[in-house]
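Listed below, chain by chain, are the residues.
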There are 2 protein chains.
Amino acid sequence: MGEFDLIDRFFKRPPHRATVGIGDDCAIWAPSAGHQLALSTDMLVEGRHFLSTVDPVRLGHKALAVNLSDLAACGATPRAFLLSLALPRADEDWLAGFSQGLLALADAHQCELVGGDTTQGPLNISITVMGEVPAGQAILRRGAQAGDDLYVSGHLGDARLALEAFRGRISLPQAVFDAARLRMEAPTPRVALGQALRGTATAMADISDGLLGDLGHILQASGVGAFIDTGRMNRLMASAEQPNNGWTCPPEWALTCMLSGGDDYELVFTAPPCAQSAVQAAALSSQTPVTRIGQITAAPGLVLHDAAGHPLPNTFRSFDHFA
Amino acid sequence: MGEFDLIDRFFKRPPHRATVGIGDDCAIWAPSAGHQLALSTDMLVEGRHFLSTVDPVRLGHKALAVNLSDLAACGATPRAFLLSLALPRADEDWLAGFSQGLLALADAHQCELVGGDTTQGPLNISITVMGEVPAGQAILRRGAQAGDDLYVSGHLGDARLALEAFRGRISLPQAVFDAARLRMEAPTPRVALGQALRGTATAMADISDGLLGDLGHILQASGVGAFIDTGRMNRLMASAEQPNNGWTCPPEWALTCMLSGGDDYELVFTAPPCAQSAVQAAALSSQTPVTRIGQITAAPGLVLHDAAGHPLPNTFRSFDHFA
């Protein structure tokens, strides 16, 4: 199987919305009238972002999901993507699974594969996504105001919990491990919630490096601080909610996983108190749980409180590839 | 040096034309009114696309150049790009050189770095470029007509000659080697020529896998054949033109390098005979040499002639990463 056979067999489909798709030097495409492009790119490296044993269907899903999550964080609607793939060899079983997981998620979001590149090399998946937003309506990191409520979507900490179990640092009941592993290997990008929050959220980011790190980007860009009431985060770890599993995550693990775990692909966002019902409406219309966990403050810095309102020392670190 | 310091120090500059550049979840950007986007992506892997000993300034140049070459092949004007970088470690000297070469070429083409991703891993450079073309004017592979003249830009075969010298399969005088190596390590994307050929060329592709392979894409997409008069290609290898070097490339090497060498980043294009003066005007305005090497035929297949008009057996193969 040669390079072009590989593309034809696993990735090429007739262009849908694009004028020219796979098979020319460039894809040709235009956003809708009155819209701006939202562009993002994420690279996944074997052994760094995923284990070599991962199911290729889940990996295909995740490779696109982490990119769609960036579009969600700006309130953009996914439209098209490009895939660059370095492969040690052309393994047909692996490619069939990978393309299946990738294209199923792409179809679910009507996000068209319009081009890419394949080469031999250590396994590396690099995707660039394009979405569109009505001009001037992208939700950026820089709009948080003192007094705004602070929210997170969905669940936090499960991917890190699964990673720690893979590393042998914590032992989990099978049902908890399976639930956490699914969150790590097949995250759900919060695309519908992101779009529903246009006009409501004042600032937003996706949580890829850990809540504290990604919230830190919002605080820095907006020139504000925040406090988090960790008592409100008690039920945010999905894997700890398996019915009747009789297991409780040790509190020190739970806080570490939720505050600095990373790989969550949830949204952290801010909105003024007068927008609480609009936030709830966005959560309902997108069928995505949303939890208010704190508030934006004029004073810079991030303060953590425990459930009793006492300050917690912030010893949590977000993920940095070169730290 | 952490991940975000690395980005700030070597890659982040104030947004120019983009509404939002590096530092949010997405870049926000829109093509000019009445234009379509041209999108392309290329991934470069150490040991596969470049030697580990290459000067990082040249590598930064080449990583963007091969992407700009795809825009050139559609007649698009470069506007913005995203860079994903997997690095074994944050080597400041390497990063300084790489970003210098990359951003110098970007500035020369007013092509803005609007986002990216950095991670740890085996050295891998993945760039996605965006250009724009007036709606409907992109030059595609599928427009070649029987009777059209067949042209190539610039010089062919030098990158392959340098590679063969690196491999020890051919011995070159120093001046020839230096000239060939420069073409391999710092190719010139033919952006101005590509744009100048809008409305004139009927089909175009860039030559990255070798002339015969990339011309083959045009023939297949257009449903036509071609013949090439190799006698017209005598002076196409730049490194064989060093003044007074007293060296002549052995003819069998010259043809292999020019026909199937690859890594040339020249343009191969077709235009009707009535457009010969328009092609020459485009060559002049873009200061890019152009050579007419053959013709498009209604009969499928590719026929090679030697200088005396005799058929040559076509035993040349283009590059395939998985063949």
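How each quantity is defined
- Counting from 1, residues in each chain are numbered in the order their sequence is written.
- Chains and ligands are labelled sequentially in the order written, the chains with letters from A and the ligands with numbers from 1.
- Reporting of local features is limited, given that this is a predicted model, to residues whose pLDDT is at least 70; pairs of side-chain atoms are given and counted only at 80 or more, and all residues count toward the totals for whole chains, interfaces and linings.
- Hydrogens and waters are ignored; side-chain quantities use all the structure's heavy atoms.
- Helix numbers and strand numbers start at the N terminus; a helix is a DSSP run of H or I with at least 4 residues, a strand a run of E with at least 2.
- When we talk radius of gyration, it's over C-alpha atoms, and the globule rule is simply 2.2 Å times the number of residues to the 0.38.
- Working definition: with a 1.4 Å probe on protein chains only, accessible area under 20% of the residue-type maximum means buried, over 50% means exposed, and in between means partly exposed.
- Per-residue and other accessible areas follow the Shrake-Rupley method at a 1.4 Å probe size, with only the shown protein chains counted as cover for residues.
- Nonpolar cores were defined as sets of buried Ala, Val, Leu, Ile, Met, Phe, Trp, Tyr and Cys residues, with membership established by side-chain atoms within 4.5 Å.
- Only heavy atoms enter the contact rule, under which two residues are in contact if any of them lie within 4.5 Å.
- What sets the superposition is a least-squares fit of C-alpha atoms, and only residues with pLDDT of at least 70 in both copies go into it.
- Salt bridges, as used here, are contacts in which a Lys or Arg side-chain nitrogen is within 4 Å of a carboxyl oxygen on Asp or Glu.

## Remarks on the overall build of chain A
Phase 1 of the analysis: The helix and strand tally for chain A stands at 9 helices and 12 strands.
Phase 2 of the analysis: A globule of 323 residues ought to have a C-alpha radius of gyration of about 20 Å, and chain A, at 20 Å, matches this closely.
Phase 3 of the analysis: Dimensions of chain A along its principal axes, counting C-alpha atoms only, are 65 × 50 × 35 Å.
Phase 4 of the analysis: Counting the 323 residues in chain A, one finds 59% classified as buried.
Phase 5 of the analysis: As displayed, chain A has an accessible area near 12300 Å², and 50% of this comes from carbon and sulfur atoms.

## Topic: the nonpolar core
Phase 1 of the analysis: In this structure, Phe11, Phe98, Ile125 and Phe269 of chain A are the most contacted members of the largest nonpolar core, which totals 59 residues.
Phase 2 of the analysis: By residue number, the principal contributor to this core is helix 2 (residues 56-73) of chain A, which donates 9 residues.
Phase 3 of the analysis: If we skip the residues at most four places from it in the chain, Phe98 of chain A touches Phe11, Pro56, Val57, Leu59, Gly60, Ala63, Leu83, Leu85 and Ile125 of chain A.
Phase 4 of the analysis: Core analysis: the next-biggest nonpolar cluster, separate from the first, contains 57 residues, Leu44, Leu103, Val129 and Leu197 of chain B among them.

## Looking at the relation of the copies chain B and chain A
Phase 1 of the analysis: At an RMSD of 0.0 Å, chain B and chain A line up after a rotation of 180° and a shift of 0.0 Å along the axis. Accordingly, the operation relating the two chain copies is best matched by a two-fold axis.
Phase 2 of the analysis: The fraction of interface residues of chain B whose copies in chain A are also interface residues reaches 98%, indicating that both copies meet through the same surface.

## Focus: the pattern of salt bridges
Phase 1 of the analysis: On inspection of all chains with the given rule, the structure shows 32 salt bridges over all chains.
Phase 2 of the analysis: Two residues, Arg190 of chain A and Glu266 of chain A, come together in a salt bridge whose shortest N-O distance is 2.8 Å. Of this pair, Arg190 of chain A sits in the loop between helix 5 (174-185) and helix 6 (191-196) while Glu266 of chain A sits in strand 9 (residues 266-271), and the two are 76 residues apart along the sequence.
Phase 3 of the analysis: Residue classification places Arg190 of chain A among the buried positions, given a relative accessible area of 12%.
Phase 4 of the analysis: With relative accessibility at 0%, the residue Glu266 of chain A sits in the buried group.
Phase 5 of the analysis: A salt bridge links Glu266 of chain B to Arg183 of chain B; the nearest nitrogen and oxygen atoms lie 3.1 Å apart. Placement of the pair is Glu266 of chain B in strand 9 (residues 266-271) and Arg183 of chain B in helix 5 (residues 174-185), with a sequence separation of 83 residues. The pair formed by Glu266 of chain B and Arg183 of chain B is uniform in burial state, with each residue classed as buried.
Phase 6 of the analysis: Residues joined in a network through salt bridges with shared partners are Asp158, Arg183, Arg190 and Glu266 of chain A.

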